[in-house]
Amino acid sequence: MEARLDARARVDKRVRALERELASLADLAESFSTLGALPIMRPSSVDLNALVESLVAVSPWQHVEITTALDPSRPRAWADERQVRRVLRNLVKNACEA
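Presented here is an overview of the structure given in this document.

## Side note on the overall build of the chain
Argument step 1. Across its full length, the chain carries 3 helices and 2 strands.
Argument step 2. Over its C-alpha atoms, taken along the principal directions, the chain stretches across nearly 50 × 30 × 25 Å.
Argument step 3. The 98 residues of the chain split such that 21% are buried.
Argument step 4. For the chain, the share of sequence-separated contacts (at least 6 apart) that also reach a separation of at least 24 residues comes to 88%.
Argument step 5. For the chain, the accessible area works out to roughly 7300 Å², and carbon and sulfur atoms hold 61% of it.
Argument step 6. Averaging the coordinates of the 15 positive side-chain charges in the chain and doing the same for the 14 negative ones gives two points 2 Å apart.

This is the structure in structure tokens:
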């Protein structure tokens, strides 16, 4: 029973990460529709470790093992999470495709 709960927790975590990625991709698509206009910045307190974990959880690059060494103090930044997510996704994508 405990193994099933653990598997369910992993599935739930990945579903939440996918939901965040879908929202981010929808935002990216919207940005293309307003190409040339600077995006509106929406700064807030961003959990950088959670953001990195969610990007790694939905990584489509099966041929690349992504390991992380996150700060256990769970650093936060005052930033636009959508923009930071976009930058990190592009960095990981470029590294995995290189």
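Still to come is the rest of the account.
## Quick word on the pattern of salt bridges
Argument step 1. All told, the structure shown has 8 salt bridges when counted by the stated rule.
Argument step 2. Between R89 and E21 there is a salt bridge, with its nearest N and O atoms 2.9 Å apart. You can see R89 sitting in helix 3 (residues 81-97) and its partner E21 sitting in helix 1 (residues 2-33), a full 68 residues away along the chain. As far as the burial class goes, R89 and E21 line up, both buried.
Argument step 3. The shortest N-O distance in the salt bridge between R82 and D80 comes to 2.9 Å.
Argument step 4. The exposure class of D80 is buried, given its relative accessible area of 4%.
Argument step 5. Connected via shared salt-bridge partners are E21, E81, R85 and R89.

Basis of the calculations
Residue numbering note: each chain is counted from 1, following its sequence as written. Only residues with pLDDT of at least 70 get local features here, since the model is predicted, and only at 80 or more are side-chain atom pairs given and counted; chain-wide, interface and lining totals rely on the full set of residues. Side-chain metrics in this entry use all non-hydrogen atoms of the structure; hydrogen atoms and water are not considered. In this text, helices come from DSSP runs of H or I with a minimum length of four residues, and strands from runs of E with a minimum of two, each type numbered from the N-terminal end. Exposure classes here rest on a 1.4 Å probe applied to the protein chains alone. A residue is buried below 20% of its type maximum, exposed above 50%, and partly exposed in between. Every residue pair with non-hydrogen atoms within 4.5 Å of one another is taken to be in contact. Using the Shrake-Rupley algorithm and a 1.4 Å probe, accessible areas are obtained, with residue cover drawn only from the displayed protein chains. The positive count covers Lys and Arg only, the negative count covers Asp and Glu only, and His and the chain ends enter neither. For the purpose of locating charges, the reference atoms are NZ of Lys, CZ of Arg, CG of Asp and CD of Glu. When a carboxyl oxygen of Asp or Glu lies within 4 Å of a side-chain nitrogen of Lys or Arg, that pair is called a salt bridge.

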